Amino acid sequence: QAQAQAPVAIVPSMDAVIAEFRRQRGLPATVRPSRDVSANVAGTAAPERVVLFGLDLVVVGTEFRNGTGWFQYQLPASTPADIVDLRTADVTGDGRHEIVVRIRQTISGIRRDVLVVHQFTPTGFPVLLQREVLREQGENRIENEVRLEGGLQIGPGTARGWSESTWPYAPATGPGPDGIEPIVLPWTGQTVRYRFAGGRLSAS
């Protein structure tokens, strides 16, 4: 005698969940994400998709929020064009990737890029690090070298125009009032290596 089978829950595809996010946000289907990265950033070992629509960072996954929901976070930039880069990398050594965003800021004629590292946890989406990695004013420019393989390293990079004798800013040894760590100055010759401890990425 045939027995009744329990209904099987159908988990929508990640594309379907993103389509529902679009619908709720009023985004036309023709609007394409500026970033779409696949990596294990949360939950189980199954990879998620990290998608960027404008300033909206969206995370979906077949095993993330039961495969039917999403995480949305508005990046702190003035315009979508100020999101210079978005990628993922395991910089804490826990086997999951963190989300690494590079955000451009322009203040009083000075452009700077700030590297922001976020981590998914069971209770939130904390910032592990904010560090300036580029500063530019007129013809003067300093850009650090950022390496994400095998942990986060920020090297001195290159300088144009500014030198140790013409650098117009007071030495900074820690984060400013905005919580952003200062740029690594090329003439120091030092590479900053980070380790994860106490819920933060700290220079080792």
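The present account deals with the structure reproduced in this document. Since the structure is predicted, the reported quantities are computational estimates derived from the model, not experimental observations.

Turning next to the layout of surface pockets. Roughly 500 Å³ of volume is contained in the largest pocket. Top element by residues in the lining of the largest pocket is strand 8 (residues 127-137). It accounts for three residues. A per-class count over the lining of the largest pocket returns 13 nonpolar, five polar and six charged.

With respect to the helices and strands, the residue I142 is situated in strand 9 (residues 140-147). A relative accessible area of 0% places I142 in the buried class. C-alpha separation for the pair I142 and L185, spaced 43 residues apart in sequence, amounts to 7.7 Å. Discounting chain neighbours no more than four positions away, the residues touching I142 are V133, L134, R135, T158, A159, W162, W167, I183, V184, L185, P186 and W187.

Mapping A77 onto the fold places it in the loop between strand 4 (71-74) and strand 5 (83-89). Note: C-alpha distance between A77 and R193 (116 residues apart in sequence) is 26 Å. Beyond its immediate chain neighbours, meaning those up to four positions away, A77 contacts L55, D82, I83 and I103.

Reading guide: rules and limits
Residues numbered from 1 in each chain as written. Predicted model: local features only at pLDDT ≥ 70, side-chain atom pairs only at ≥ 80, totals over all residues. Heavy atoms only, no water. 1 Å grid on protein atoms, 1.4 Å probe; cavity = no way out; pocket = protein on both sides within 12 Å on 5 of 7 lines; lining within 4 Å. Points joined across faces, edges and corners; volume = space filled by probe spheres on them. Helix = DSSP H or I, 4+ residues; strand = E, 2+ residues; numbered from the N terminus. Nonpolar A, V, L, I, M, F, W, Y, C, P; charged D, E, K, R; others polar. Buried < 20%, exposed > 50% of the residue type's maximum accessible area, 1.4 Å probe, protein only. Contact = heavy atoms within 4.5 Å.

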